[in-house]
Amino acid sequence: MKITVVGTGYVGLVSGTCFAETGNKVTCVDIDEKKVQKLANGTITIYEPGLEKLFQRNLKEERLIFTTDLAEGIKEADIIFLALPTPPGEDGSADLKYVLGVAEQIGKLLVGYKVIVNKSTVPVGTAQKVHNAIRKNYNGEFDVVSNPEFLREGVAVDDFMKPDRVVVGTSSERAKKLMSELYAPYVRQGNPVIFMDEPSAELTKYAANSFLATKITFMNEIARLCELLGADVDMVRKGIGTDERIGKRFLFPGIGYGGSCFPKDVQALVRSSHEVDYDFKILESVMQVNEDQKLHLLPKIKKYFNGNLVGKHFALWGLAFKPNTDDIREAPALYIIKALVGEGATVTAYDPEAMPNVKAQVNDIINYAETQYDALKEADALIIATEWNEFRTPEFEKIAAGLKSKVIFDGRNVFDLQHMESLGFHYESVGRKPITK
Ligand code: UDX
């Protein structure tokens, strides 16, 4: 099939590359000339495990092409995907200016039947708006389909190639047939392509992310309660997760969810609810609890240092909002850094991938280390903000030797309590008994 993907951001690039991987001819269109040039010359613009290999292979085989020319890009396409940004506007609702702008342009360029697919996360009713925007300039036949993505950063290639499900919102049989053909190679193992109407598909994406954000936030509140009642959240997690109705996944407490999706989508769903006079109370609480959760370690740190952090120096492991990504959007680490610096402390950070992004954003307020152990020098304590694998089984002697005293505040519960006790660390984590020294 001939596919066009408009927008070469995270979703666009992963989708385009993975569509090419099964033999489709994919043209990726973007207005950013520098980016298009880079991509066309074989330099990948995002960090995503496993993507580079697929990207290089399909580029070489000429199944993946990059251009700034929308007209050229869509001329031969059977299906046009819109993978454009929908940033939150000032009121928290998703801003559709890019999506609708491109839809209008597509209307001017269409010749013959094509399916236009919304991949971006967009509020309910957007498929209709895209339809209207194209219709302004085009009288022929076309269909607009809603096909939300459920890609997790860090495992996006796998999520795309072997999805749990593909959700397709369309009321057109013709579009349904094309979408079934397109996704057939990805659901060979028997996972479903679920067809539904457009508004339901649009809402499915928000409902999925909001549900997961709520699940995490629920556990974060249980963790807080564990701390107050002397229970262990790890035990509670195991105790409830074995109930299949609850499930084991997404029950890990920590210092809050971040990233480009959960915060934005929860906020947008609350906002959409307001528009139809509905007060989505659970989600409003989720947003508030998550904001507080990002700074959950701070009172513990302050208490340990008798309420005064002036002149204290901290080593911080992990800047990305989660492991296996360089994404720092809404990353709890950044909130912690700002709070510590605001209290008069200094910070040396290490992250395997995200340091360049942080340097670009808050460059001069912290120092950066070459290795996780270099970050420890002269630090009064170590703070763990992201659970990268390499932080899970470190050389504890090196940690002890690097730090001024053996003190760790762990926002991701990466270490075993008994182990920490036996090593003689002062160790505080989330929802578990503090090991005090
Ligand atoms: C998410 C959705 O999973 C994906 O389907 C959607 O398309 C985009 O948003 P992503 O943002 O890449 O993907 O990250 P994910 O792995 O889902 O984690 C989101 C956040 O939740 C991270 O900050 C993570 O640290 C946090 N989290 C996750 C927890 O705090 N506890 C958990 O148990 C799981």
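Residues numbered from 1 in each chain as written. Predicted model: local features only at pLDDT ≥ 70, side-chain atom pairs only at ≥ 80, totals over all residues. Heavy atoms only, no water.

## Structural notes on the pattern of salt bridges
Applying the stated criterion to the full structure yields 25 salt bridges. In this structure, the salt-bridge partner of Lys300 is Glu227, at a minimum N-O distance of 2.7 Å. Of this pair, Lys300 sits in helix α13 (residues 297-304) while Glu227 sits in helix α9 (residues 198-229), and the two are 73 residues apart along the sequence. Given a relative accessible area of 14%, Lys300 falls into the buried group. (Salt bridge = Lys/Arg side-chain N within 4 Å of Asp/Glu carboxyl O. Helix = DSSP H or I, 4+ residues; strand = E, 2+ residues; numbered from the N terminus. Buried < 20%, exposed > 50% of the residue type's maximum accessible area, 1.4 Å probe, protein only.)

## Observations concerning the packing of aromatic side chains
One pass over the structure, following the stated rule, counts 20 aromatic pairs. Between Tyr304 and Phe409, the ring centres sit 6.0 Å apart and the planes meet at 75 degrees, which makes this aromatic pair edge-to-face. With Tyr304 in helix α13 and Phe409 in strand β13 (residues 407-410), this residue pair connects regions lying 105 residues apart in the sequence. The class for Phe409 is buried, based on a relative accessible area of 0%. Taken together, the aromatic side chains of Phe19, Phe81, Phe160, Tyr183 and Tyr186 make up a single cluster linked through ring pairs. Here the basic side chain of Lys406 rests over the ring of Phe425, its NZ or CZ set 5.3 Å away from the ring centre. (Phe/Tyr/Trp six-rings, centres within 6.5 Å; stacked < 30°, edge-to-face > 60°. Lys NZ or Arg CZ within 6 Å of the ring centre and 35° of its normal.)

## A word on helix α2 (residues 33-40)
For α2, the capping residue at the N-terminal end is Asp32, with a side-chain oxygen 3.2 Å from the backbone nitrogen of Lys34. Downstream of α2 by a residue or two, Gly42 has a phi angle that is positive, lying close to 95 degrees. (Polar contact = N/O pair within 3.5 Å; in protein donor to acceptor, adjacent residues only side chain to side chain.)

## What to know about the confidence of the model for the chain
Mean pLDDT over the chain stands at 96; residues scoring 70 or higher make up 100%. As scored by the predictor, the complex reaches a pTM of 0.93 and an ipTM of 0.92. (pLDDT = per-residue confidence, 0-100.)

## So, the site of the ligand
Surrounding the ligand, one finds 18 residues, the nearest of these being Glu153, Phe252, Gly258, Cys261 and Lys322. One nitrogen or oxygen atom from the side chain of Glu149 is found 3.3 Å from an oxygen atom belonging to the ligand. One of the backbone nitrogen or oxygen atoms of Phe252 is found 2.8 Å away from a nitrogen atom of the ligand. Coverage of the ligand by the protein amounts to 92% of the 670 Å² it exposes when considered alone. When residues of the shell around the ligand are assigned to their parent elements, the largest contribution, three residues, is made by α9. Tallied by class, residues from the shell around the ligand come to ten nonpolar, two polar and six charged. (Near = heavy atom within 4 Å. Areas by Shrake-Rupley, 256 points an atom, 1.4 Å probe, with all protein chains shown as cover. Nonpolar A, V, L, I, M, F, W, Y, C, P; charged D, E, K, R; others polar.)

## Some remarks on the UniProt feature "binding site: NAD(+)" (unreviewed entry) in the chain
Under the local residue numbering, the UniProt record ascribes the feature "binding site: NAD(+)" (unreviewed entry) to Asp30, Lys35, Thr86, Thr121, Glu153, Lys264 and Arg329. Look at the named residues: they lie 300 residues apart in sequence, and the longest C-alpha span between them is 24.9 Å, so in the fold they stay spread out. Structurally, Lys35 is set in helix α2. Tracing the chain through its elements places Glu153 in the loop between β6 (142-146) and α7 (156-161). A relative accessible area of 9% places Glu153 in the buried class. Once you skip the residues sitting within four places of it in the chain, Glu153 turns out to touch Tyr10, Glu48, Ser260, Phe321, Lys322, Thr325, Asp327 and Arg329. (UniProt positions renumbered as here; feature names shortened; annotations may be inferred. Contact = heavy atoms within 4.5 Å.)

## Here's the deal with the nonpolar core
Ranked by size, the top nonpolar core spans 56 residues in total, and within it Trp317 and Ile399 carry the most contacts. Considering each element in turn, this core owes the most residues, six residues, to helix α14 (residues 332-342). (Core = buried A, V, L, I, M, F, W, Y, C linked by side-chain atoms within 4.5 Å.)

## Side note on the UniProt feature "binding site: substrate" (unreviewed entry) in the chain
With numbering aligned to this structure, UniProt lists the feature "binding site: substrate" (unreviewed entry) at Phe150, Leu151, Arg152, Glu153, Lys205, Phe250, Leu251, Phe252, Pro253, Gly254, Gly258 and Lys322. Taken together, the annotated residues stretch across 173 residues and extend over separate regions, lying up to 23.7 Å apart by C-alpha. Along the polypeptide, Arg152 turns up in the loop between β6 and α7. When near neighbours in sequence (up to four residues on either side) are disregarded, Arg152 contacts Tyr10, Glu48, Asp159, Arg249 and Lys322. Here Leu251 shows up in the loop between α10 (233-241) and α11 (262-275).

## Describing a nonpolar patch on the surface
A cluster of nonpolar side chains, Leu225, Leu228 and Leu229, forms an exposed patch at the surface whose accessible area comes to about 360 Å². Using a relative accessible area of 44% as the deciding quantity, one classes Leu225 as partly exposed. (Patch = residues over 30% accessible without salt bridge, like charges linked within 9 Å, V, L, I, M, F, W, Y side chains within 5 Å.)

## Description of the state of the cysteines
What the rule picks out here adds up to zero disulfides. Just so you know, Cys18 is unpaired, no disulfide at all, and the nearest cysteine sulfur is the one on Cys28, 11 Å from it. Judged by its relative accessible area of 0%, Cys18 falls in the buried class. (Disulfide = S-S within 2.5 Å.)

## Here we look at the environment of Asp234
Position of Asp234 among the secondary structure elements: in helix α10. Residue classification places Asp234 among the buried positions, given a relative accessible area of 15%. Along the sequence, Asp234 and Pro253 sit 19 residues apart, while their C-alpha atoms lie 8.8 Å from each other. At 3.3 Å, the side chain of Asp234 forms a polar contact with the side chain of Arg432.

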